[in-house]
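One-letter residues, chain by chain:
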Amino acid sequence: MSVVTVVTEVTEVTRSTETGLDPVVETPARRLHLVPDACTPPTALQHKGIPLTAHHELGVPTVHRTVVDFANFDHGATSPALRTVEQTVAAVQRVSGSVHRGAGHTSRQTTQWFEAARKEVGAFVGAREDDYVVFTRNTTDALRLLANALPRRTQVFTWDSAHHAAQFAWAGRSIHRLPIPASTQDALDLLTQALESSTAESKLVVITGACNVTGEVWPVAELAAIATEFGARTVLDAAHLAPHHPVDIDELGVDYVALSGHKTYAPYGAGALVGRGDWLDEANPYLPAGGATRAVGTRAVEWNVGPARHEGGTPNAVGAIALASACSTLRKHHDAIAAHEAVLHERLRGGLAAIPGVRLVSVLGPERPNVGVVTFTVDGFDCSLVSQVLSDEHGIAVRDGKFCAHRLCDQVVGGCAVRASIGLATQPHHVERLIDAVRRLVEQGPTLEYVHTPGEGWSAPSDPRDLAEPLPW
């Protein structure tokens, strides 16, 4: 792939501290910009029905003194905002006002959009008519909210393969930890055996939608059916499933769904818990503050019911509306997105598997449906070094480590691994670049000499880049 390096000068303006208006200092600030000639044009992606993200025209510098278009294989950690979401945020910011109880125009408009966002997010996961949609900060926060609402002496069932958020949200509760299953059937059998031996009156099963380490889709409906058979409720951790695969509460038979905006092509700081309202109405408010109160007397407080009970304080209205915008776009383009990701995943998996010394990681087996994740190790190379070389020398972003799932990685991988997670910012030539980069690393090693510093990771002392960027404000 040929690339073009373009260095542009932008002006950073400092305003007068006296007037706050007049520009008095102008400082050149170096910026790198790229319009790569080998990229798929945005119009072509749109023609295929694939939504665009903020990363589609992003260039990044490499140690070879070139700039390449950013190859994003880190969607499993955080996905870039959709262009439609950027437009939504800009529209909201122009008229943003206080949410609820305000008589002014901006307050009424923002409140209208905020409550419409609740309905849109609910529709995205197939919420039933009487389900609540409670806005939270992320999936971790949503699960912790549910933990706050569990009846006393509820027994929680969770797998050792789950993300830490799904394992540790239940502090102070009776927790039954299920071992990492060796197959889909093993997962079903382990849950059946655990529920058969439980004498708890109230039970909650925490189900992973898609494994955040390997991308494998879990048998959600089958696990939910077993839970229902034994009188247990279920919560689906859909953080890694919802951005790639349709989620329908009723079809899956789950009681609650938790998801994050920052993994669903929306900005940081917004998520949701969607599901049954009875436990939520009976629980103490998650955030006891203004908005959660119905009436406050000298001796008692009457709390609201419904989502407002747990959304105390001024909510992140912009984040909630942005999440709804992302959900709306994903729903409209699901078929095109699924086809796009399936082709890329098949090629990436096959290409990496064909490289000697590269070992792919799976838990339930490679035949399971996958949300576009390929996790691997490279014989003879530390996983963090692989990640750093791919970034420094090829402009490729992957994730390395144990992915907030230490028990799974220690048992299945034997330590850390490299995770390449596909999403809407990933294009076909990015896949070819990643396969070629890993092959070159195996055959030739890094092009620079890297050193490891405890606490800081790998770096190349001879790296010629100046990566300092001016502050964005």
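Rules behind the numbers
- Residues numbered from 1 in each chain as written.
- Predicted model: local features only at pLDDT ≥ 70, side-chain atom pairs only at ≥ 80, totals over all residues.
- Heavy atoms only, no water.
- pLDDT = per-residue confidence, 0-100.
- Contact = heavy atoms within 4.5 Å.
- Core = buried A, V, L, I, M, F, W, Y, C linked by side-chain atoms within 4.5 Å.
- Buried < 20%, exposed > 50% of the residue type's maximum accessible area, 1.4 Å probe, protein only.
- Helix = DSSP H or I, 4+ residues; strand = E, 2+ residues; numbered from the N terminus.
- Disulfide = S-S within 2.5 Å.
- Expected span 1.5 Å × (residues − 1).
- Pairing = 2+ DSSP bridges.
- Axes fitted to C-alpha atoms, helices over the stretch in contact; angles between N-to-C directions.
- Parallel < 35°, antiparallel > 145°, perpendicular 65-115°, else oblique.
- Left-handed = near helix turned anticlockwise from the far one by under 90°.
- 1 Å grid on protein atoms, 1.4 Å probe; cavity = no way out; pocket = protein on both sides within 12 Å on 5 of 7 lines; lining within 4 Å.
- Points joined across faces, edges and corners; volume = space filled by probe spheres on them.
- Nonpolar A, V, L, I, M, F, W, Y, C, P; charged D, E, K, R; others polar.

Q: What am I meant to see in the confidence of the model for the protein here?
A: Low-pLDDT stretches of the model should not have their predicted coordinates read in fine detail. A residue-level look at the protein finds 91% of positions with pLDDT of 70 or above and a mean pLDDT of 91. Here residues 1–35 is modelled with pLDDT under 50, and outside its nearest four sequence neighbours on either side it reaches 63 contacts, counting other chains as well.

Q: Can you help me understand the nonpolar core in this one?
A: Across soluble globular proteins, nonpolar side chains show a tendency to be buried alongside one another. Core analysis: the biggest nonpolar cluster contains 72 residues, and V205 and L236 have the highest contact counts within it. Of the residues forming this core, the biggest block, nine residues, is contributed by helix α10 (residues 317–332). By size, the runner-up hydrophobic cluster in this structure holds 28 residues, among which are L344, V389, A437 and A460.

Q: Got a minute to help me understand the state of the cysteines in this structure?
A: As used here, a disulfide is simply a covalent bond connecting the sulfur atoms of two cysteines. Tallied over the full model, the rule gives one disulfide. Note that C383 is cross-linked by a disulfide to C416, the S-S spacing being 1.8 Å. Taking the sign of the S-S torsion, -115° for the link of C383 and C416, the bridge is left-handed. Here C383, found in helix α12 (residues 383–394), pairs with C416, found in the loop between α13 (406–413) and β19 (417–421); they are 33 residues apart in sequence, far enough to count as distant.

Q: I keep staring at the environment of T43 and nothing clicks. Help me out?
A: You can see T43 is positioned in helix α1 (residues 42–47). T43 gets classed as exposed once you look at its relative accessible area, which sits at 56%. Each C-alpha atom, one on T43 and one on V95, is 30 Å from the other, the two residues being 52 residues apart in sequence.

Q: I would appreciate a short explanation of α10 in the present structure.
A: Since there are 3.6 residues in each turn of an α-helix, residues three or four apart along the chain are aligned in direction. Compared with the 22 Å implied by 1.5 Å per residue over 16 residues, the 23 Å span of α10 between its first and last C-alpha is a close match. Burial runs high along α10: 13 of the 16 residues are buried.

Q: So what exactly am I meant to see when it comes to helix α14 (residues 428–444) here?
A: Between its first and last C-alpha, α14 extends 24 Å over 17 residues, near the 24 Å set by a 1.5 Å rise per residue. Turning to α14, its buried residues number three or more, namely H429, H430, V431, R433, L434, I435, A437, V438 and L441. Of the residues trailing α14, G445 is marked for its positive phi of about 80°.

Q: Explanation requested: the sheet that holds strand β9 (residues 203–208) in the structure shown.
A: Strand-to-strand pairing in sheets goes through backbone hydrogen bonds, with the strands running parallel or antiparallel. Spatial strand order, β6-β12-β11-β10-β9-β7-β8: seven strands in an open sheet with mixed pairing. Taken across any chain shown, the strands that pair with only one partner, and hence form the sheet edges, are β6 (132–136) and β8 (174–178). Pairs of neighbouring strands in the sheet enclose a mean axial angle of 20°, with direction left out of account. Alignment of β6 against strand β12 (residues 271–275), held across five bridges, turns out to be antiparallel.

Q: How should I be thinking about the packing of helix α3 (residues 105–124) against α10 in this particular structure?
A: To describe two helices that pack against each other, one gives the angle between their axes and the distance between the axes. Put simply, α3 and α10 touch, their axes get as near as 8 Å, and they point 40° apart. Between α3 and α10, the crossing angle belongs to the class labelled oblique. For the pair α3 and α10, the crossing hand works out as left-handed. Where α3 abuts α10, its residues T110, W113, F114, A117, E120, V121, A123 and F124 lie against A317, A320, I321, L323, A324, C327, S328, L330 and R331.

Q: What should I look at first to understand the sheet that holds strand β15 (residues 358–360) in this one?
A: Pairing is antiparallel in the open sheet, where four strands are placed in the order β15-β16-β19-β18. Edge positions in the open sheet fall to β15 and β18 (399–401), since each of these has one partner strand only. With strand direction ignored, the average angle separating the axes of adjacent strands in the sheet is 30°. Here strand β16 (residues 373–378) pairs with β19 via four bridges, running antiparallel. Residue pairing across strands places F376 opposite V418, the latter belonging to β19.

Q: Would you explain the layout of surface pockets in this entry?
A: Taking a probe equal in size to a water molecule and rolling it over the atoms shows the remaining empty space. Considered as a void within the structure, the second largest pocket measures approximately 310 Å³ in volume. Around the second largest pocket, the lining is made up of 21 residues, and of these G76, H163, H240, K263 and C404 lie nearest the centre. Secondary-structure elements contributing two or more residues to the lining of the second largest pocket are α4 (139–149) and β18. By residue class, the composition of the lining of the second largest pocket is five nonpolar, ten polar and six charged.

Q: In this structure, what is going on with empty space enclosed by the protein? I would like to understand it.
A: A full pass over the atoms with the stated rule returns three cavities of 30 Å³ or more. Approximately 100 Å³ is the volume attributed to the largest cavity. Around the largest cavity sit 14 residues that line it, and G76, H240, H244, V371 and V373 are the ones nearest its centre. Counted as a void, the second largest cavity has a volume near 70 Å³. In this structure, the second largest cavity is lined by 13 residues; those nearest its centre are H163, T208, A210, C211 and N212. Residue classes in the lining of the second largest cavity are distributed as six nonpolar, six polar and one charged.

Q: Sorry if this is basic, but what is going on with the pairing of strand β7 (residues 155–159) here?
A: Successive residues of a regular strand alternate their side chains across the two faces of the sheet. Most of β7 sits inside the fold, with five of its five residues counted as buried. The pairing of β7 with β8 spans five bridges and is parallel. Bridge pairing in β8 places F157 opposite H176. As paired elements, β7 and β9 share three bridges and run parallel to each other. From the neighbouring strand, Q155 faces β9, where its bridge partner is K203.

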